[in-house]
Amino acid sequence: MEKEEGTQRIDRAIKTFTNIIFSLLEHGGAKQDVAERMRTKGVDEQTIKVCLLI
């Protein structure tokens, strides 16, 4: 593998990893919103954890 090719692969890996992190952060926020709505409807914490895989 040449240096340029290696640099490009590292750059792609960093971009992919960054996208994954931000995607997880967005979904985590959505899960918390759903969990809060479930709590207001009287759903117990254990059920929320099981349903949302928290």
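Reading guide: rules and limits
- Residues numbered from 1 in each chain as written.
- Predicted model: local features only at pLDDT ≥ 70, side-chain atom pairs only at ≥ 80, totals over all residues.
- Heavy atoms only, no water.
- Patch = residues over 30% accessible without salt bridge, like charges linked within 9 Å, V, L, I, M, F, W, Y side chains within 5 Å.
- Areas by Shrake-Rupley, 256 points an atom, 1.4 Å probe, with all protein chains shown as cover.
- Salt bridge = Lys/Arg side-chain N within 4 Å of Asp/Glu carboxyl O.
- Helix = DSSP H or I, 4+ residues; strand = E, 2+ residues; numbered from the N terminus.
- Expected span 1.5 Å × (residues − 1).
- Buried < 20%, exposed > 50% of the residue type's maximum accessible area, 1.4 Å probe, protein only.
- Axes fitted to C-alpha atoms, helices over the stretch in contact; angles between N-to-C directions.
- Left-handed = near helix turned anticlockwise from the far one by under 90°.
- Contact = heavy atoms within 4.5 Å.
- Nonpolar A, V, L, I, M, F, W, Y, C, P; charged D, E, K, R; others polar.

(A) Spotlight on a nonpolar patch on the surface. A cluster of nonpolar side chains, namely Phe17, Ile21, Phe22 and Leu25, defines an oily patch on the protein surface of about 420 Å² accessible area. As for its placement among the helices and strands, Leu25 is situated in helix 1 (residues 3–40).

(B) Structural context of helix 1. Taking 1.5 Å per residue as the helical rise, helix 1 with its 38 residues ought to reach 56 Å, and the 56 Å between its terminal C-alpha atoms agrees with that figure. For helix 1, the set of buried residues is Gly6, Ala35 and Met38. A positive backbone phi angle near 90° is found at Gly42, which sits one or two residues after helix 1.

(C) The packing of helix 1 against helix 2 (residues 45–52), seen in detail. Between helix 1 and helix 2, the shortest axis-to-axis distance is 10 Å and the interhelical angle comes to 145°. For helix 1 against helix 2, the interelement crossing comes out right-handed. Only Glu45, Ile48, Cys51 and Leu52 of helix 2 make contact with helix 1, whose side of the interface consists of Lys31, Val34, Ala35, Met38 and Arg39. Of the residues contributing to the contact of helix 1 with helix 2, the split by class is six nonpolar, no polar and three charged.

(D) Looking closely at the pattern of salt bridges. Going through the model one piece at a time under the given rule, you end up with three salt bridges. With a closest N to O distance of 3.4 Å, Arg39 and Glu36 form a salt bridge. Within this pair, Arg39 and its partner Glu36 are both found in helix 1, separated by three residues, close to a single helical turn. Look at Arg39 and you get partly exposed, because its relative accessible area is 32%. Note that Glu45 and Arg39 form a salt bridge whose closest N and O atoms lie 2.5 Å from each other. For Glu45, a relative accessible area of 36% gives the class partly exposed.

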